[in-house]
Amino acid sequence: MTFNRWVPDQRGTVAIIFTLVLVPLVAVAGGAVDYARTLAARSDMQQAADAGALAGVGLTNVTDAERMAVAAAVFNSNYDSNRHGAATPSVTVNGSTVSVTASVGVQTAFLGVVGLEEYSVAVTSGATTKEGHGDYVCMLALNRTMSGGLKFRGSRDLSGLDCTVRANSNASSAVVGIGAAYVANAKSFCAVGGGQNA
């Protein structure tokens, strides 16, 4: 008689269901946060690898070991190991091509609860110079889509007669000159996109 009295009583089931549903919800939300951190680490590491490869390939009259050292130093100065974890670049030189690879294990903040302690992230970047275009680069804009990545204006002068000015942007106005008072002299100007006077 006492047993039958408790069978239809469903009080407290909401708390049990909520507890059972809460664990996967926290895992999904935490997974999204950890994945966003991983994407940020990959993006930052890719930009650092790109900068290192471009710096290494832009050197002239140096040994391969010097190219490798410069590429690694530029990678390290552009990558925030305090934010994402330590990553050591591997730099190779093959003729006129400099390649930078790096990897890091990004520690998870939430997914460790379900057994995933870290995400592995790896990037590769390579830069090649054409024969006769391996001049020393004195100014380099890395953003691939920015309009006006390099701007010259006012009464400022750029005197880089023995070096190259490069913009990696594919925008039609990757390099912009504003007004008529500026002076920009360099051995060469190079932009993936184009340049204009405004």
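Note on numbering: residues in each chain are counted from 1, in written sequence order. With the structure being a predicted model, the display of local features is reserved for residues of pLDDT at least 70 and the display and counting of side-chain atom pairs for 80 or more, all residues being used for whole-chain, interface and lining totals. To obtain the side-chain values, all non-hydrogen atoms of the structure were used and water was disregarded.

Enquirer: If you had to explain the overall build of the protein to someone new, which residues and values would you point to?
Expert: Secondary structure follows DSSP: runs of H or I at least 4 residues long count as helices, runs of E at least 2 residues long count as strands, and numbering of each begins at the N terminus. The number of helices and strands found in the protein is four helices and nine strands. Exposure categories follow from relative accessible area, calculated using a 1.4 Å probe and restricted to protein chains: below 20% of the type maximum is buried, above 50% is exposed, and the middle band is partly exposed. Put simply, the protein has 198 residues, and 31% of those count as buried. Every residue pair with non-hydrogen atoms within 4.5 Å of one another is taken to be in contact. Here the analysis covers contacts within the protein between residues at least 6 apart in sequence; of these, 61% occur between residues at least 24 apart. We get accessible surface area from the Shrake-Rupley algorithm with a probe of 1.4 Å; when it comes to residues, only the shown protein chains can shield them. As displayed, the protein offers around 12,200 Å² of accessible surface, 57% of which is attributable to carbon and sulfur atoms.

Enquirer: Pulling in residues and values, what's your account of helix 2 (residues 13-57)?
Expert: Here helix 2 spans 66 Å end to end across 45 residues, near enough to the 66 Å set by a 1.5 Å rise per residue. By the largest-angle criterion, leucine 22 marks the main kink of helix 2, which is about 25°, and a proline, proline 24, follows within four residues. To estimate how far a helix should reach, multiply one less than its number of residues by 1.5 Å. Bending is quantified residue by residue as the angle between axes fitted to the seven-residue window ending at that residue and the seven-residue window starting at it.

Enquirer: Account for the sheet that holds strand 3 (residues 118-128), with residues named and values stated.
Expert: Taken together, three strands build an open sheet; the order of strands is 1-2-3 and the sheet is antiparallel. Bordering the open sheet on either side are strand 1 (90-94) and strand 3, each of which pairs with just one other strand. Direction aside, the axes of adjacent strands within the sheet are offset by 15° on average. In the sheet, strand 1 pairs with strand 2 (residues 97-107) via five bridges, with the strands oriented antiparallel. Bridging across to strand 2, valine 91 finds its partner in valine 100. DSSP-based pairing: two strands are paired if at least 2 bridges between them are found. Every axis in this analysis is a line fitted to C-alpha atoms, fitted for helices over the stretch in contact. Angles between the N-to-C directions lie between 0 and 180 degrees.

Enquirer: Give a description of the side chain of aspartate 50 that names residues and reports values.
Expert: Counting through the fold element by element, aspartate 50 comes out in helix 2. Given a relative accessible area of 13%, aspartate 50 falls into the buried group. When sequence neighbours within four positions are dropped, the list of residues in contact with aspartate 50 reads Ser125 and Arg144.

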